[in-house]
Amino acid sequence: MVATAAATLGGGRSRPRRVLRAHAGTLGSGSVPVLFLAALFVYPVARLMLFSVEGGSLKHFERALLDGLHVRVFIDTLRIASLVTLLSFLLGYPVAYFLASAPRAWATAGLLFLIVPFWTSVLIRTYAWTVVLGRNGVINRSLIGLGVIEEPIAMLNNEIGVLVGMVHVLVPYMVFPIFSVMRRIDPSLAQAAEGLGASGWQSFSRVYFPLSLPGVLAGTTLVFILSVGFFITPAILGGGRVIMIAVLIERQVHEFSNWGFAAALSAVLLAASLAAYGALSLALRDRR
Amino acid sequence: MDARPLSTPGRVALSLVGVVKQYDRVQALRGADLEVRSGELLTILGPSGSGKTTLLKCVAGFEIPEAGTVELGGRDITELAPNRRDIGMVFQNYALFPHMSVTANVGFALRVRRVPRTQIRQRVQAILALVGLEEMGDRLPRQLSGGQQQRVALARALVFNPGLLLLDEPFGALDRKLREQMQLEVRRLQQRLGITTIFVTHDQEEALVISDRIAVMDLGVIEQLGGPRDVYARPVNRFVADFIGESNLLHARVTVAGDAAVLDSGATIALPEIRKPGEEVGLLIRPERLELRPPAPGEDASFAGEVAEVVYLGNTLKYTVRLDLGSTLLVRRPFGQPPVFDVGQRVQARWSADDVHAVRW
């Protein structure tokens, strides 16, 4: 699934047009998936959006966009999502580079390490972090045992925990698209650059990195969109003290049964994600 | 040429001594020796797997040989990093930077050398004019035809006035017409700039057209180094004789007198020069050196036979003649010049003694 998403994002600008034409041309055979999507995706989302304007009033949106508390949650969400995206890039780019340039056996092993966690539930992986990051967790006890610190560092129920947990879950979404783009970069380009007098760094910064950018943009988009709407990890590792927008939405539904407001928050979240996607794919198009 | 003091013709520009390179268990270079003279175009010709590309990589610095030395302009560069070698290279697939315009591609070597911007612009414009692409500066590589990409790659490799130009099978991707045109163009450009050039190819025809000298490689060593006429007319061994041009190569043994050789069929052929008595040799007779006649009584019957195949090649006719004594001969005759034979006709093959060349078997 990730690979497909990555391929779609990394595939370049000709893609949407081709998809549109395909739909127009093969209405008969294409109508089944279209109906499927309409019934299971478009309709529920539309129905939810309708909740937000129930009674023809925009009061939920007013509250979502103007109330100081909720604006802060939005800003926090965007800030955390940006941080997660940045950290995922800083960690993921070297990993992707290694996988793309390593001998085949190493690359396969590395990819396996990235894929295996996908077979484990996010919930379990997130709870595992509470064992690692807790006051009496592995990290704190090791550091105290080594005499590096005296008091345990608080890494749970705050932003550190949320960042660690989210980056852990989302890094593969950064690695795969970058890897798939890097693998298609002709290795003789680096030789050509070097032969023309470029140092290793010049060859990387002027040739390799620009050519890997489509993958970076695709990975960034994926990770950013996923983090903006992330729920489980911030809910568990944030311990109620790090409120991201998805946590807020869940509370509105679960605790207050305020479907209208929850729908309005969702609509704003969706709009923000689409805007981010739009901006990044525009940037991607200019690059090519 | 006078603009380039570097190119004193005849001086040794590049020399390789005993270069050995091993990949896993395969020895790609088994002690290759080579001297390239300043200003010449030297072709390394060999089949795939002969080690010619490895040799080029050792010169460019993408491979470091296990033994031997590489010297450029008197300086030992055996282990020098590629970016310090001052060598321009055109890759087999051109390796143009796909995200850069033609101008940016060509100017790359100057930018990484921190040449001032205005100077870069001038030099890039000048070299693009030289290869006839001054109007294409803003295009991306993928918006160019194969021939144009080739020229960009050439311009990019030449713009920083390198001491040596390497061309790695650069015409492989072009169709025949364009390839022939580019061969002549590259040759003219190379002579005009007087730049020492190593050209790698597996195409012997191409090598004959373009080179000052040809180094024929096989199995990791250079078998013969000489001018095109030399390697064609006087190959040193069976491999070279067979690899360059079409050939009739007949196994024979030199007579006691040393002035003739006896074929497997028992026929005797006079040799143009004295060889060691009893030596096993291959007798090379190029197909265009053979003549066909209707058989006449009293002639040496060992070169009589029957036409087995005739191929019309536009300017020549190619005959396959099956000799009565078993072997076959390839014969090429200019089209329109009698006598002409059909399949099944009896013929007598003739040649002059000078056209026989004996090589080690």
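Residues numbered from 1 in each chain as written. Chains lettered and ligands numbered in written order. Predicted model: local features only at pLDDT ≥ 70, side-chain atom pairs only at ≥ 80, totals over all residues. Heavy atoms only, no water.

**Student:** When you look at the confidence of the model for chain A in this model, what are you seeing that I'm missing?
**Tutor:** Detailed reading of the predicted coordinates is not advisable wherever pLDDT is low. Residues and elements named next belong to chain A. For chain A, per-residue confidence averages 85 on the pLDDT scale, and 89% of positions sit at 70 or higher. Mean pLDDT values over the elements of chain A span from 41, in helix α1 (residues 2-10), up to 95, in helix α10 (residues 187-195). In the predicted structure, residues 1-25 sits below a pLDDT of 50 and forms 17 contacts with residues beyond four places in sequence or in another chain. (pLDDT = per-residue confidence, 0-100. Helix = DSSP H or I, 4+ residues; strand = E, 2+ residues; numbered from the N terminus. Contact = heavy atoms within 4.5 Å.)

**Student:** So what exactly am I meant to see when it comes to the confidence of the model for chain B here?
**Tutor:** All names here are of chain B. Mean pLDDT over chain B stands at 91; residues scoring 70 or higher make up 97%. When pLDDT is averaged over each helix and strand of chain B, the minimum, 88, is found for strand β13 (residues 268-270) and the maximum, 97, for helix α2 (residues 102-112). Overall fold confidence (pTM) sits at 0.81, and the ipTM for the predicted complex is 0.82.

**Student:** Before we go on, may I ask you to explain the interface of chain A and chain B in this structure?
**Tutor:** Bring the parts together and some accessible area is lost; that lost area is often taken as the interface size. Counting residues at the interface gives 18 residues for chain A and 22 residues for chain B. Across the interface of chain A and chain B, roughly 1800 Å² is buried in total on both sides, 62% from carbon and sulfur atoms. Together, Q191, L196 and R206 of chain A form the three largest contributors to the area buried by chain A at its contact with chain B, with a combined 36%. Linking chain A with chain B are zero salt bridges, by the criterion used here. Joining chain A to chain B, the criterion identifies six residue pairs in polar contact (both at pLDDT 80 or more). For the side of chain A that touches chain B, the elements supplying multiple residues, two or more each, are α10 and α11 (200-228) of chain A. Here the side of chain A that touches chain B takes seven residues from α10 of chain A, the largest share from any one element. Residues belonging to the side of chain A that touches chain B are distributed by class as follows: eight nonpolar, six polar and four charged. (Buried area = accessible area lost by both parts, 1.4 Å probe. Salt bridge = Lys/Arg side-chain N within 4 Å of Asp/Glu carboxyl O. Polar contact = N/O pair within 3.5 Å; in protein donor to acceptor, adjacent residues only side chain to side chain. Nonpolar A, V, L, I, M, F, W, Y, C, P; charged D, E, K, R; others polar.)

**Student:** Sorry, what's going on with the nonpolar core here?
**Tutor:** Nonpolar side chains tend to gather and get buried jointly when the protein is soluble and globular. Of all hydrophobic cores here, the largest spans 110 residues; its most connected members are L14, L34, F97, V106, F108 and L166 of chain B. Among the elements that line this core, the one with the most residues is helix α9 (residues 159-182) of chain A, at 14 residues. Sequence-distant contacts of L34 of chain B, defined by excluding residues within four places in its chain, comprise L14, S15, L16, L42, I44, L55, A215, I222 and L225 of chain B. Grouped together as the second largest cluster of nonpolar side chains are 26 residues, F303, V321, L323 and V347 of chain B included. (Core = buried A, V, L, I, M, F, W, Y, C linked by side-chain atoms within 4.5 Å. Buried < 20%, exposed > 50% of the residue type's maximum accessible area, 1.4 Å probe, protein only.)

**Student:** It is not clear to me how the sheet that holds strand β4 (residues 67-72) of chain B should be interpreted in this structure. Could you clarify?
**Tutor:** Strands belonging to one sheet form pairs held by backbone hydrogen bonds; the direction of such a pair is parallel or antiparallel. Residues and elements named next belong to chain B. Across the sheet, which stays open at both edges, the four strands sit in the order β2-β1-β4-β5 with antiparallel pairing between neighbours. A strand with exactly one partner marks an edge of an open sheet, and here the two such strands are β2 (26-37) and β5 (75-76). Relative to β5, β4 runs antiparallel, the two sharing two bridges. Looking at β5, one finds that E71 is bridged to D76. Against the sheet, helix α1 (residues 52-60) makes contact with β1 (12-23), β2 and β4, and its axis sits at roughly 120 degrees relative to β1, the strand it touches most. (Pairing = 2+ DSSP bridges. Axes fitted to C-alpha atoms, helices over the stretch in contact; angles between N-to-C directions.)

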